[in-house]
Amino acid sequence: MNKKTLFDKVWDSHVVSSIENGPQILYIDRHLIHEVTSPQAFNELENRGIPIFRPDQIIATADHNTPTLNQDQPIKDALSRKQLEQLSENCKKNNITLYELGHKYNGIVHVMAPELGITQPGITMVCGDSHTSTHGAFGAIAFGIGTSQVAQVFASQCLLLKKPKSLRVTVNGKLKNGVLPKDVILYIISKLGTNAGTGYFCEYAGSVFEDMSMEGRMTVCNMSIEMGARGGMIAPDQTTFDYIKGRKFSPKGEEFEKKVNYWKTLPTDEGAVFDNEYTFDADDIEPMITYGTNPGMGIKITETIPEEDNASFKKSLNYMDFKAGERLIDKPINYVFIGSCTNSRIEDFRVAANYIKGKQKADNVTAWLVPGSKQVEAQIIEEGLKAIFDEAGFELRQPGCSACLAMNDDKIPQGEYCVSTSNRNFEGRQGQGARTILASPLVAAATAVEGKIIDITKHLN
Amino acid sequence: MEKFTTLRSTAIPLNIENVDTDQIIPARFLKATDKKGFGGNVFRDWRFNEDGSVNTDFVLNNSQFYGSILVAGNNFGCGSSREHAAWAIMGYGFKVVVSSFFADIFKGNALNNGLLPVQISEQFLSDLFDEIESNPQTVVKVNLEDQVISVEDKNLSERFEIDAYKKTCLINGYDDIDYLINNKELIEAFEAQKTY
């Protein structure tokens, strides 16, 4: 029998047809949209007189360009307001479900869709956002697309694509205390670089991922794009099924059991061959931190910045105002951001609260805690985490992408460092001239308390 | 979509690796709801200093260099899926981007807009940078039909790969929507017999 990977199984079951010497028509089950990458696609269809083919397979949210304070009031910035109004209008006109600002299901697209049970194993899912790779944590094929492709899915519920190659990253062993899923993916990217995954879909396998919660798996798959892979996937298992059960859009009753039986057939067959494979040992992974301007420029928090004789590398260190050979421990930090589609789920805030409890935020630090969704926000309050944050001098803001990409007012000032749980440390990503240091929610929380980067491994029981 | 067959132009050398889409068009300019006007903000934070003055060190501000071909370092277009990056590059007047490696989503976005990504070897890229940087009048020719990029009056050329379907689309100015809509019956038949 032909041995297949998880990716093969899901991809092959969605091929409508193949063009000779060309791409395949791939059927898309779920299409997520948001305010920034959809308006031009709606315009395109309207201008060409093409109707939306399957509006009931589209779910919309507002997240990139939304304020994280006073969401009940009209948005001050005229362009942002217009973009959100246009999304509402487009959705209304085309009968598309929209969880707009203030709705109890509103949130970052990659946080709200899984928590509503929209994301399921074995499906294909797209969104005009590169971090759509997040949903692969469920064993779905999920990837980011451009606006032209958003228009294609609007028009036909399909995309024309060449099947990517397959890659497997295996990490076996048991993670050390204080090593979080974010550290695992930052470690992998630091080893493989930012383009090792280009042209590939990546499956994460091994006991580290098997032992991980769904939220941890989402953090890992989320950053697949940072090593160039369009998508990341993890085989669905009991952890996956338990997470999905009972959510708003999850299959119910007998239908659920039927689906589970199907989902159990999806994991990669033993002996299936990947185009490329890498293996790492959990023992070698420690809390990570980035020092440069791409996510591959990461080190263990206690290591020194490496030396490289390369103009782009030097330009990067120059931007960060760091020197080769120096450590980041004890660097004073004035900004901390806990949020983004990578790390804004309840487990991330539990980790932060657990560290912060009984301590105080350092006076020099401005810390933004931004939940990924209204549901996460509600849970933070319900579990008493907000009380811990309040007491320690932290401010909990309202859901959205916020300072991850600084489209709204949440911008890090020129020249300032920000220890951030987000996914990209590109130049100016968090504001013009801002310097981003990527880390886990634990390292971010510790930085906020100490006002500087510390060796977290020495502060754990 | 505009058709693309051949282009003969001087080129601008952007000798930087891992140029990400946040550099090509920073997020604060993504609030527009149409495709126009992004060209003015392409590479905004490299072209201009914080105080709004022109950064004379940046190659796009060096009047020696001009043309509709952008030659860039390895892994061009990494990062976000924003198609605004392709619109911004085209809006500025580029018709071709040359690099030794392109990020997936950017490459697709470029092709979907008639902006040709030409992927060449590291060696050819290095030679190309040398030629353009030493003589800004260097003319680069891109022939899509033959899939060849060459430097005029020099013995320097290389064949580049492009998906056959995408090549046909570019040469004829077709886009994927036309193709998909013409296959609606197939898509409906697929929906009726889905097995998952």
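One can find the structure itself at the top, above this paragraph.
What comes next is a walk through the structure. Every value quoted in this text rests on a predicted model; they were computed, and no experiment measured them.

**Some words on the packing of aromatic side chains**
Residue and element names in this part refer to chain A. In this structure the tally under the stated criterion is 25 aromatic pairs over all chains. An angle of 65° between the planes, with centres 6.2 Å apart, marks the rings of Tyr291 and Phe313 as edge-to-face. Note that Tyr291 is positioned in the loop between strand 13 (288-290) and strand 14 (298-300) and Phe313 in helix 11 (residues 311-320), a separation of 22 residues in sequence. The aromatic ring of Phe53 is capped on one face by Arg54, whose charged end is 4.0 Å from the ring centroid.

**With respect to the sheet that holds strand 15 (residues 335-338) of chain A**
Residues and elements named next belong to chain A. Strands sit in the order 17-16-15-18-19 across an open sheet of five strands; the sheet is parallel. Looking at strand neighbours, the two that pair on one side only are strand 17 (395-396) and strand 19 (435-438), the edges of this open sheet. One ladder, built from three bridges, connects strand 15 with strand 18 (residues 417-420); its direction is parallel. Within strand 18, the position partnered with Phe337 by the bridge is Ser420. Contacting strand 15, strand 16 (366-369) and strand 18, helix 15 (residues 441-450) crosses the sheet at an angle of about 145° to strand 15.

**Digging into the environment of A:Ala378**
You can see A:Ala378 is positioned in helix 13 (residues 374-382). Along the chain, A:Ala378 and A:Lys104 lie 274 residues apart, while their C-alpha atoms are 9.2 Å from each other.

**Remarks on the interface of chain A and chain B**
Every contact between the two is made by 70 residues of chain A and, on the other side, 55 residues of chain B. Here chain A packs against chain B, burying approximately 5,200 Å² in sum over the two surfaces, 56% of which is carbon and sulfur. Looking at the side of chain A facing chain B, the largest losses of area belong to A:Gln40, A:Leu160 and A:Gln432, adding up to 11% of the total buried there. Run the count over chain A and chain B and you get seven salt bridges. Note that B:Asp163 is salt-bridged to A:Lys162, the shortest N-O span being 3.3 Å. There are 30 residue pairs in polar contact (both at pLDDT 80 or more) connecting chain A and chain B. At the level of secondary structure, the elements contributing two or more residues to the side of chain A that touches chain B comprise strand 1 (15-18), strand 2 (24-27), helix 2 (39-48), helix 3 (78-93), helix 5 (147-156), strand 8 (158-161), helix 10 (253-263) and helix 11 of chain A. Broken down by element, the residue count for the side of chain A that touches chain B peaks at seven residues, all from helix 5 of chain A.

Cut-off values and rules
Residues numbered from 1 in each chain as written. Chains lettered and ligands numbered in written order. Predicted model: local features only at pLDDT ≥ 70, side-chain atom pairs only at ≥ 80, totals over all residues. Heavy atoms only, no water. Phe/Tyr/Trp six-rings, centres within 6.5 Å; stacked < 30°, edge-to-face > 60°. Helix = DSSP H or I, 4+ residues; strand = E, 2+ residues; numbered from the N terminus. Lys NZ or Arg CZ within 6 Å of the ring centre and 35° of its normal. Pairing = 2+ DSSP bridges. Contact = heavy atoms within 4.5 Å. Axes fitted to C-alpha atoms, helices over the stretch in contact; angles between N-to-C directions. Buried area = accessible area lost by both parts, 1.4 Å probe. Salt bridge = Lys/Arg side-chain N within 4 Å of Asp/Glu carboxyl O. Polar contact = N/O pair within 3.5 Å; in protein donor to acceptor, adjacent residues only side chain to side chain.

From the geometry alone we can't say anything about function, so treat these as descriptive.
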